[in-house]
Amino acid sequence: MRFALKTAGLVVGALLALNVNAEEIKRVPAPNDFPIATSVSLPAEVKLHYLSGTVPSKGEDGTYGDTQAQTESVLKSIEANLKSMGLTMGDVVKMQVFLVADPNKGNKMDFDGFMKGYSKFFGTEAQPNLPTRSAMQVAGLVLPEWLVEIEVVAATTK
């Protein structure tokens, strides 16, 4: 009888521990269907993964392209980096975006071009998880042809 009670206590304790560890990442979407989260809350057991700033690769035509093309290039690189770590874009909880003024767009950052590229990776039916995000215009990046650099933080409860 004593052994059964002790075993039952261990089982109940294990189940309670599983329930605590099952806490999930909570995302609060921005109003008006804007595809970012206004906040992300992480449980204590989360593992964070910091990815350095990623810049675009040259396209098949030998150029980096416009802001949309560079955004898609950068996000494809981030996606591949995450995949090599066993993660997905759905694990991204924080994003910082650095945009350079596009000389072909009146020397202003092309936020619309960025959003067109971004929206192919976040807030889709296939990948609905939205990160918190900051986007800012900067004077320049390492190469003058670069218009986009993005760094992300991913989180998993795995």
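Residues numbered from 1 in each chain as written. Predicted model: local features only at pLDDT ≥ 70, side-chain atom pairs only at ≥ 80, totals over all residues. Heavy atoms only, no water.

Per an unreviewed UniProt entry, the protein is named Enamine deaminase RidA (YjgF/YER057c/UK114 family), and its organism is Paenalcaligenes hominis. The UniProt entry for the protein carries this comment under Sequence similarities (unreviewed entry): "Belongs to the RutC family." (UniProt positions renumbered as here; feature names shortened; annotations may be inferred.)

## Describing the overall build of the protein
Within the protein, the regular secondary structure consists of three helices and six strands. Along the chain direction, N to C, the helices and strands of the protein fall in the order α-β-β-β-α-β-α-β-β. Counting every position in the protein, which comprises 158 residues, the buried fraction comes to 36%. The long-range share in the protein, meaning contacts at least 24 apart out of those at least 6 apart in sequence, stands at 73%. (Helix = DSSP H or I, 4+ residues; strand = E, 2+ residues; numbered from the N terminus. Buried < 20%, exposed > 50% of the residue type's maximum accessible area, 1.4 Å probe, protein only. Contact = heavy atoms within 4.5 Å.)

## Here we look at the confidence of the model for the protein
Of all residues in the protein, 85% attain a pLDDT of 70 or more, and the chain-wide mean is 89. Low pLDDT (under 50) marks residues 3–21, which in the prediction has two contacts with non-local residues, meaning those over four places away or in another chain. (pLDDT = per-residue confidence, 0-100.)

## Description of the nonpolar core
Counting 30 residues, the largest nonpolar core has Ile 78, Phe 122 and Ile 150 as its most contacted members. Where this core is concerned, the elements lending two or more residues are helix H2 (67–84), strand S4 (92–100), helix H3 (111–118) and strand S6 (148–156). Sort the elements by how many residues they give to this core and S4 lands first, with six residues. Setting aside anything within four residues of it in sequence, one finds Ile 78 in contact with Leu 51, Thr 54, Met 89, Ile 150 and Val 152. (Core = buried A, V, L, I, M, F, W, Y, C linked by side-chain atoms within 4.5 Å.)

## A short note on the pairing of S6
Among the nine residues in S6, eight count as buried, and that is most of the element. Direction of pairing for strand S3 (residues 47–54) relative to S6: antiparallel, over a ladder of six bridges. For His 49, the partnering residue across the bridge sits in S6 and is Ala 154. (Pairing = 2+ DSSP bridges.)

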